[in-house]
Amino acid sequence: MNSRRGRFITLEGGEGAGKSTQARLLHDRLTEAGIACVVTREPGGSPGAEKLRAALLSGVVEPLGPAAEALVFSAARIDHLDTLIRPALAAGQWVICDRFIDSTRAYQGALGDLDPSFILGLEKVVVGEMKPDLTLVLDLPPEEGAARAALRRGGAKADRFEKQDAAFHRRLRQAFLANAALEPTRCVVIDAAGEPANVARDLWSAVTRKLRPLRWLGAGDDAWR
Ligand code: Z5A
């Protein structure tokens, strides 16, 4: 059952697109506006899901194939929804989640060549009515994303997803864009190539246009800054 009182925002996109950075900036902007919100991530976000995150990123599930991997991401999502997302939304908090269903559609569905009906059926069972109110797709040339991610990683070993080649990341970008085009009411594509502050401004503009946070607080739209 959908008992949400808060709003559910997800950030999606390829590696190094700036999702975590923008999730934090959006959290600060909403908090400043007087909206209680929480930042979380997938895979993970709850103690049970974080255990599955470690397995997924280590690559132990990879040999079982994309369908099995989609099931493990979904198992993590069930715990995350049950213990964090649903209770927070029901309590009136806004939830900002770094990756969610669109990552499963892109990585396991499109890149794993799975039948879309498998992914959408799984999504229906796992997520049901708890689909995001707004999904911000951070779009960046994959070479730039990879360079940012490599800089941040330093000498650390690349994980199961980071080790994919440039062709994979180019296909991934197209998968996110094609998926966003299928749901234009929920998804807004944001150019993630600029300075973090400029990207944050574009994100905020999409949030105010789509979710009207100040009207939600009881203030008029004129109160927008
Ligand atoms: N996955 C999946 O396959 N199926 C699923 O259903 C789900 C996930 C939910 C989780 O990776 C992996 O799981 C993910 C997909 C898969 N694989 N990958 N790759 P993760 O959580 O470890 O990492 P990530 O989600 O890919 O995020 P990321 O690569 O860590 O990047 P990001 O969050 O988009 O970017 P960031 O951390 O904010 O920024 C990266 C660096 O760039 C950092 O040093 C920043 O300071 C810098 N940065 C940020 N913004 C800018 C701008 N605007 N200009 C310049 N530099 C910037």
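Conventions adopted
Starting afresh in each chain, residues are numbered from 1 along the sequence in its written order. The predicted origin of the model limits local features to residues at a pLDDT of at least 70 and limits the giving and counting of side-chain atom pairs to 80 or more, whereas totals for whole chains, interfaces and linings rest on all residues. Side-chain calculation: all heavy atoms of the structure are included, whereas hydrogens and water are not. A run of H or I in DSSP counts as a helix once it spans at least four residues, and a run of E counts as a strand once it spans at least two, with each numbered from the N terminus. Just to be clear, the radius of gyration here is over C-alpha atoms, and the globule rule we use is 2.2 Å times residues to the power 0.38. For every residue, the accessible area obtained with a 1.4 Å probe (protein chains only) is divided by the maximum for its type, and the residue is called buried under 20%, exposed over 50%, and partly exposed between those limits. By definition in these notes, contact holds between two residues if any of their heavy atoms fall within 4.5 Å. Only the protein chains shown count as cover for residues, with accessible areas throughout obtained via the Shrake-Rupley method and a probe of 1.4 Å. Counted as positive: Lys and Arg. Counted as negative: Asp and Glu. His and the chain ends are not counted at all. Where a charge lies is defined by one atom per residue type, namely NZ (Lys), CZ (Arg), CG (Asp) and CD (Glu). Proximity is defined per residue: any heavy atom of the residue falling within 4 Å of a molecule or strand makes that residue near it. Here a polar contact is taken to be a pair of N or O atoms separated by no more than 3.5 Å, where protein atoms must pair a possible hydrogen donor with a possible acceptor and residues adjacent in sequence count only if both atoms sit in side chains. A pair of strands is considered paired only if DSSP assigns at least 2 bridges between the two. Here, nonpolar core means buried Ala, Val, Leu, Ile, Met, Phe, Trp, Tyr and Cys residues that are tied together by side-chain atoms lying within 4.5 Å of each other. Here the expected span of a helix is defined as 1.5 Å times the quantity of residues minus one. Along the arc lie the directions from the helix axis toward the C-beta atoms. Axes here refer to lines fitted to C-alpha atoms; in helices the fit is confined to the stretch in contact. Angles between the N-to-C directions go from 0 to 180 degrees. Take a side-chain nitrogen of Lys or Arg and a carboxyl oxygen of Asp or Glu: if they are within 4 Å of each other, that pair is a salt bridge.

A. Just the overall build of the chain, in detail. Check the secondary structure of the chain and you find nine helices and five strands. Helices (α) and strands (β) of the chain occur, in sequence order from the N terminus, as β-α-β-α-α-β-α-α-β-α-α-β-α-α. Relative to the globule expectation of 17 Å for 225 residues, the C-alpha radius of gyration of the chain, 17 Å, shows essentially globular dimensions. The buried share of the chain, taken over its 225 residues, is 46%. Of all intrachain contacts in the chain linking residues separated by at least 6 positions in sequence, the fraction that spans at least 24 positions is 79%. In the form shown here, the chain has an accessible surface area of approximately 10,600 Å², with 57% of it arising from carbon and sulfur atoms. Each charge class in the chain was averaged separately, 31 positive and 29 negative side chains, and the resulting centres sit 2 Å apart.

B. Structural context of the site of the ligand. Neighbouring residues of the ligand: 24 residues in total, closest Lys19, Thr21, Arg99, Thr104 and Arg152. The separation between an oxygen atom of the ligand and a polar main-chain atom of Ala17 is 3.2 Å. Within the contact set of the ligand, a nitrogen atom lies 3.3 Å away from a side-chain nitrogen or oxygen of Arg148. Compared with its free state, where it exposes 1,100 Å², the ligand has 84% of that area covered by protein.

C. Representation of the pairing of strand E4 (residues 134–139). Counting buried positions over the six residues of E4 gives six, a clear majority of the element. Residues Leu134, Leu136 and Leu138 line one face of E4 and the alternating positions Thr135, Val137 and Asp139 line the opposite face, and both faces are buried. Taken together, the five bridges between strand E1 (residues 8–13) and E4 define a ladder with parallel strand orientation. Bridge pairing in E4 places Leu11 opposite Leu136.

D. Quick look at the nonpolar core. Formed by 23 residues in total, the largest nonpolar core has its most connected members in Leu26, Leu30 and Leu136. For this core, the secondary-structure elements that each account for two or more residues are E1, helix H1 (19–32), strand E3 (94–98), E4, strand E5 (187–191) and helix H8 (196–211). At six residues, the largest contribution of residues to this core is made by H8. Here Leu136 is in contact with Ile9, Thr10, Leu11, Glu12, Leu26, Val188, Ile190, Leu203, Ala206 and Val207, once residues within four sequence places are set aside. Residues Leu89, Cys97, Phe100 and Ile119 belong to the second largest nonpolar core, which totals 16 residues.

E. Spatial organisation of helix H2 (residues 47–58). For H2, built from 12 residues, the straight-helix expectation of 16 Å at 1.5 Å per residue is met to within 8% by its first-to-last C-alpha distance of 17 Å. Turning to H2, its buried residues number three or more, namely Ala49, Arg53 and Leu56. All buried residues of H2 project into a common sector of 70° when viewed along the axis, lining one side. Structural note: H2 exposes Pro47, Lys51 and Ala54 on the side pointing more than 90 degrees away from its buried face.

F. Region of the structure containing the sheet that holds E3. Spatially, five strands are ordered E2-E3-E1-E4-E5 in an open sheet, and the strand pairing comes out parallel. Two strands lie at the open edges of the sheet, namely strand E2 (37–41) and E5, each paired on one side alone. Taking the axes of each pair of neighbouring strands and ignoring which way they run, one obtains an average angle of 20° across the sheet.

G. Structural view of the pattern of salt bridges. For the structure shown, the criterion picks out 18 salt bridges. Residue Arg171 pairs with Asp113 through a salt bridge whose shortest N-O separation is 3.8 Å. Of this pair, Arg171 sits in helix H7 (residues 166–182) while Asp113 is found in the loop between helix H4 (101–110) and helix H5 (116–126), placing the two residues 58 residues apart along the sequence. Accessibility expressed as a relative area gives 44% for Arg171, which makes it partly exposed. Judged by relative accessible area, Asp113 falls into the exposed class, the value being 63%. Among the charged side chains, a salt-bridge network with shared partners connects Asp102, Arg105, Glu123, Lys131, Glu183 and Arg186.

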